[in-house]
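Listed below, chain by chain, are the residues.
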Amino acid sequence: TDPARIRNFCIIAHIDHGKSTLADRMLQVTGTVPEREMRAQYLDRMDIERERGITIKSQAVRMHWDVDGAAYALNMIDTPGHVDFSYEVSRSLAACEGAILLVDAAQGIEAQTLANLYLAMENDLEIIPVLNKIDLPAADPERVAGEIADLIGGDPDDILKVSGKTGMGVEELLDRVVERIPHPVGEADAPARAMIFDSVYDPYRGVVTYVRMVDGKLTPREKIQMMSTGAEHEALEIGVSSPEPVPTKGLAVGEVGYLITGVKDVRQSKVGDTVTTKLKPASEALPGYTDPKPMVFSGLYPIDGSDYPVLREALDKLKLSDAALQYEPETSVALGFGFRCGFLGLLHLEIISERLRREFDLDLIATAPSVVYQVTAEDGTEVTVTNPSEYPDGKIASVREPMVRVAILAPKDYVGTIMELCQSRRGSLMGMEYLGERVELRYGMPLGEIVFDFFDHLKSRTQGYASLDYEPMGEQEADLVKVDILLQGDKVDAFSAIVHRDNAYHYGTMMAERLRKLIPRQQFEVPIQAAIGARVIARETIRAIRKDVLAKCYGGDISRKRKLLEKQKEGKKRMKMVGRVEVPQEAFIAALSGD
Ligand code: GDP
Ligand code: MG
């Protein structure tokens, strides 16, 4: 295709503002997907995506659209809207010349609208603002158009009004895409350079790599090379998604499509990498390649210990399609054998654990999420701690924790309560701006303070009206300590936590109290202690009992006795020993899940 007849664009929006629904309508209006095959959220292929109504992986699709009798190829890239996946969003943006900025006309601008808009502007994309859900009675297009015009300039009357639900305005929007978004420009005769913006594992075809051709061309059967690693593969098949894969004779400047090389692991075809050819390799990779770094770690343990090999296999499989997932074996006194896993964020963690449950039928328990700490001991040795149990025992010179720049958008009535929450989480106010009836608050905050339950608190304090976005902002030294929980003097590793010194007492008393309620009485007294190093900061006691369960049945019928014994035996199987103390595994699970 002549690059002048190509338009590459994406849709950026806050979650739930209607990207996927609008994408569906575009597929329909352009005849890309036949009417009888149409179903909601067509591009969200994963069950979890469909059920939760969120997009996790990016998707690219080619559509045809005629304007004034001329045929155009529109490549639309549907991007994930959630902060955890902002790495994928930014790669998708780099593959486009323009972006539709979609804003729910009943909600207005939200935190991720801004975050994605800023990313799009950094990538020099042409922005087409669009009001969506215009069919809703609660839609307030005048107000929201005003907000948008304040933000990006331009005439509010010029902003298109559409409904992804009814299809209203969608054709005009496609015309505008052709009119406003610049066509791709590249050097047709230069060595090939294609940017990988997504890479997915398909059990039948191996890894499918989605690329945007920048310069030159790629043809099937050619030897290709990954510029970050020098790895060579053969391009077995090249094609475009429409949205079903359609093999083509190759990809040329400005085109968006896929290639299949027969590799089995997405790590060999990394998002952000540049593909070139072996015969005529490019000398310089395209900008912007960085490995996504896990920010949140948690231990995943099978509730039934015999599921451990299944868990390992399941993680190996998920890793094939998710380069950002990390894991290594770990053991815990309380929970047995499991894996310490690294995630991009909390939603990523949730999605992986849910996929493990659902696709592999695993019952799992996850330890409290932890961030990555840099600990320097007094003798100068540095340790990277992703698990409180790795925290060095000796004297500590300093601890640094990851910081994030948080942006919160909410109606201005909530400013007070939001500030209170952020301050209680060691946030420092960096800026505040009014956008009509809403306010954007910017805070610098330790990531460790928001991974736990910050978003829940924010939502409940603002009746669900606040939205949140965050991005990494380096590290900062802080007065952090490790709190251990001991049962009769023995550490229960799964409950150790790294917390700010001011919160240590609160954490210690809370866990000790929880465990006292959950652990059944033993034949002897069991002290539960919370300690920083050797210093005990909180204590509870489980009093001893001496109760012969059979005594109650004395003289009773024998079958009742046997039943009781059997019941006890069954209970024993799920018991874990911490020193001399028998703890039912359920107690650990309940204590970790916090209810
Ligand atoms: P995404 O998270 O941006 O991909 O949003 P979705 O496309 O999944 O839409 C979120 C919710 O809004 C769904 O319940 C949609 O049915 C609904 N929705 C999307 N577009 C419209 C629209 O134009 N009008 C109305 N009334 N609802 C819409
Ligand atoms: Mg979606």
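Reading the values: the criteria
Residues numbered from 1 in each chain as written. Chains lettered and ligands numbered in written order. Predicted model: local features only at pLDDT ≥ 70, side-chain atom pairs only at ≥ 80, totals over all residues. Heavy atoms only, no water. Buried < 20%, exposed > 50% of the residue type's maximum accessible area, 1.4 Å probe, protein only. Helix = DSSP H or I, 4+ residues; strand = E, 2+ residues; numbered from the N terminus. Pairing = 2+ DSSP bridges. Near = heavy atom within 4 Å. Polar contact = N/O pair within 3.5 Å; in protein donor to acceptor, adjacent residues only side chain to side chain. Areas by Shrake-Rupley, 256 points an atom, 1.4 Å probe, with all protein chains shown as cover. Axes fitted to C-alpha atoms, helices over the stretch in contact; angles between N-to-C directions. Parallel < 35°, antiparallel > 145°, perpendicular 65-115°, else oblique. Left-handed = near helix turned anticlockwise from the far one by under 90°. Contact = heavy atoms within 4.5 Å. Nonpolar A, V, L, I, M, F, W, Y, C, P; charged D, E, K, R; others polar. Phe/Tyr/Trp six-rings, centres within 6.5 Å; stacked < 30°, edge-to-face > 60°. Lys NZ or Arg CZ within 6 Å of the ring centre and 35° of its normal.

Peer 1: Explain the pairing of strand β8 (residues 206–215) to me, please; I cannot follow it from the model alone.
Peer 2: Within a regular strand, side chains alternate between the sheet's two faces. By the criterion of burial, β8 is predominantly enclosed, with nine of the 10 residues buried. The pairing of strand β7 (residues 193–202) with β8 spans nine bridges and is classified as antiparallel. Paired with I196 across the bridge in β8 is V211. The turn joining β7 and β8, which pair antiparallel and follow one another in sequence, is formed by three residues. The pairing of β8 with strand β13 (residues 256–260) spans five bridges and is antiparallel.

Peer 1: Teacher, can you tell me more about the site of ligand 1 here?
Peer 2: As a structural note, the neighbourhood of ligand 1 is formed by 17 residues, with D16, K19, T21, Q41 and D135 the closest of them. G18 places a main-chain nitrogen or oxygen 3.0 Å from an oxygen atom of ligand 1. The protein chains hide 79% of the 580 Å² of surface that ligand 1 would expose on its own. With three residues, helix α1 (residues 19–29) is the single largest residue contributor to the shell around ligand 1.

Peer 1: When you look at the packing of helix α9 (residues 415–424) against helix α11 (residues 454–461) in this model, what are you seeing that I'm missing?
Peer 2: Two numbers describe a pair of packed helices, the interaxial angle and the distance between the axes. It is at 10 Å that the axes of α9 and α11 come closest, and there the two elements cross at 160°. When the axis of α9 is compared with that of α11, the two are roughly antiparallel. In terms of crossing hand, the pair formed by α9 and α11 is right-handed. Of the residues in α11, those touching α9 at T417, I418, E420, L421 and C422 are F454, H457, L458 and R461. For the contact of α9 with α11, the per-class residue count stands at five nonpolar, two polar and two charged.

Peer 1: Can you help me understand the packing of aromatic side chains in this one?
Peer 2: Per the counting criterion, the structure on display carries five aromatic pairs. Plain terms: the ring middles of Y308 and F337 are 5.9 Å apart, the flat faces sit at 55° to each other, and that makes the pair tilted. With a gap of 29 residues between them, Y308 in helix α7 (residues 308–321) and F337 in strand β17 (residues 336–343) connect regions that are remote in the sequence. On the basis of relative accessible area, Y308 is assigned to the buried category, the value being 17%. Given a relative accessible area of 55%, F337 falls into the exposed group. Site record: aromatic cluster; members linked through ring pairs are Y308, Y327, F337 and F339. Sitting above the plane of the Y258 ring, R205 keeps its charged end 5.7 Å from the centroid. Looking at R580, its charged tip hangs above the ring of F524, at a distance of 4.0 Å from the centre.

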